Amino acid sequence: MNTKELIRMIKFALFSASAGIVEFMSFALLDGFTKWPYWPKYLIALVLSVLWNFTLNRRFTFRSAGNLPKAMIKVACFYLVFAPVSTLLGNYLAEVRGWNDILVTILNMAANLVTEYLYDRYFVFGKTVDTRPE
């Protein structure tokens, strides 16, 4: 791995951490102020963090000048799979198995970090990485 890719991974992790804060705080607020079950709290928090993360990573990490709607559709396709799987699994662990809601959310966030980086880097922005002018 070259230095440029290592820096890209670090940027992605840092921006994802900020999106994680958005997701965690949104989830915690909903958890603290509503009596909702796990799944709607998680989905709302996930959508907020995805919007945050996509915007920052497209511009600063992948520096893509590619087609914005096309990139957004590709990311939406990722979440058409990831969101239901993580929501159903998270709901099962939290509601059926009795795991702590916050722990389940942290596990989902970790899975999201790894899978989304690979998906974004090689599928969403693969051919348009570093095409945005300075």
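Along each chain, residue indices are assigned from 1 in the same order as the chain's sequence is written. Local features in this predicted model are restricted to residues of pLDDT 70 or higher, and side-chain atom pairs are both shown and tallied only at a pLDDT of 80 or more, whereas totals for entire chains, interfaces and linings draw on every residue. In computing side-chain values, all of the structure's heavy atoms are included and hydrogens and water are not.

Chemist: Describe in detail the nonpolar core, supporting the description with residues and values.
Modeler: Burial of nonpolar side chains together is a common tendency in soluble globular proteins. Formed by 23 residues in total, the largest nonpolar core has its most connected members in Tyr79 and Phe125. Those elements that place two or more of their residues in this core are α1 (3-33), α2 (38-61), α3 (68-96) and α4 (101-124). For the purposes of this entry, the term helix denotes a DSSP run of H or I that reaches at least four residues, the term strand denotes a run of E that reaches at least two, and both are numbered from the N terminus. Here this core takes eight residues from α3, the largest share from any one element. Any two residues whose heavy atoms approach within 4.5 Å are treated as being in contact. When neighbours within four sequence positions are excluded, phenylalanine 125 is seen to be in contact with Phe54, Arg58, Phe62, Ser64, Ala71 and Asp120. Only buried residues count toward a nonpolar core, which is a set of Ala, Val, Leu, Ile, Met, Phe, Trp, Tyr and Cys residues joined through side-chain atoms within 4.5 Å. For every residue, the accessible area (1.4 Å probe, protein chains only) is compared with the maximum for its type, and the residue is labelled buried under 20%, exposed over 50%, or partly exposed between those bounds.

Chemist: Before we move on, can you summarise a nonpolar patch on the surface with the specific residues and values?
Modeler: Patches draw on residues past 30% relative accessible area with no salt bridge. Two like charges within 9 Å are joined, as are two nonpolar side chains (Val, Leu, Ile, Met, Phe, Trp, Tyr) within 5 Å. Computed with a 1.4 Å probe, the accessible areas rest on the Shrake-Rupley method; for each residue, only the protein chains presented here act as cover. Salt bridges, as used here, are contacts in which a Lys or Arg side-chain nitrogen is within 4 Å of a carboxyl oxygen on Asp or Glu. A contiguous nonpolar surface patch, about 530 Å² in accessible area, is contributed by Met1, Leu6, Met9, Ile10 and Leu14. Leucine 14 gets classed as exposed once you look at its relative accessible area, which sits at 59%.

Chemist: Got a sec to walk through the packing of α2 against α3? Specific residues and values, please.
Modeler: Axis definition: a line fitted to C-alpha atoms, over the contacting stretch in the case of helices. Angles run 0 to 180 degrees between N-to-C directions. For the pair α2 and α3, the least separation of the axes is 10 Å and the interaxial angle reads 150°. One element, α2, and the other, α3, form an angle in the roughly antiparallel class. The hand of the α2/α3 crossing is right-handed. Tallied by class, residues from the contact of α2 with α3 come to 15 nonpolar, four polar and two charged. Note that the term roughly parallel is reserved for angles under 35 degrees, roughly antiparallel for angles over 145, roughly perpendicular for angles of 65 to 115, and oblique for everything else. Each crossing gets its handedness from the near helix: less than a right angle anticlockwise from the far helix is left-handed, clockwise is right-handed. In this classification, Asp, Glu, Lys and Arg are treated as charged, Ala, Val, Leu, Ile, Met, Phe, Trp, Tyr, Cys and Pro as nonpolar, and every other residue, Gly included, as polar.

Chemist: Can you break down the packing of α1 against α4 residue by residue, with the values?
Modeler: Orientation of α1 relative to α4, taken along the N-to-C sense of each, is 145°, at an axis distance of 10 Å. Along this stretch, α1 crosses α4, giving a crossing that reads as right-handed. Residue-level contacts link Glu5, Arg8, Met9, Phe12, Ala13, Ser16, Gly20, Glu23, Phe24, Phe27 and Asp31 of α1 to Asp101, Ile102, Thr105, Ile106, Met109, Leu113, Glu116, Tyr117, Asp120 and Arg121 of α4. Split into classes, the residues belonging to the contact of α1 with α4 amount to 10 nonpolar, three polar and eight charged.

Chemist: Any chance you could break down the pattern of salt bridges for me, citing the residues and the numbers?
Modeler: Side-chain pairs of opposite charge can arise whenever the charged atoms involved come near each other. Tallied over the full model, the rule gives seven salt bridges. Between aspartate 130 and arginine 8 there is a salt bridge, and its shortest N-O distance comes to 2.9 Å. Residue aspartate 130 is found in the segment after α4, and its partner arginine 8 is found in helix α1; the two are separated by 122 residues along the sequence. Looking at aspartate 130, the relative accessible area reads 25%, which means it is partly exposed. Across the pair aspartate 31 and lysine 41 runs a salt bridge whose closest N-O atoms are separated by 2.5 Å. Within this pair, whereas aspartate 31 is found in helix α1, its partner lysine 41 is found in helix α2, the two being separated by 10 residues in sequence. You can call aspartate 31 partly exposed: its relative accessible area is 29%. Of the residues examined, lysine 41 reaches a relative accessible area of 3% and is grouped as buried.

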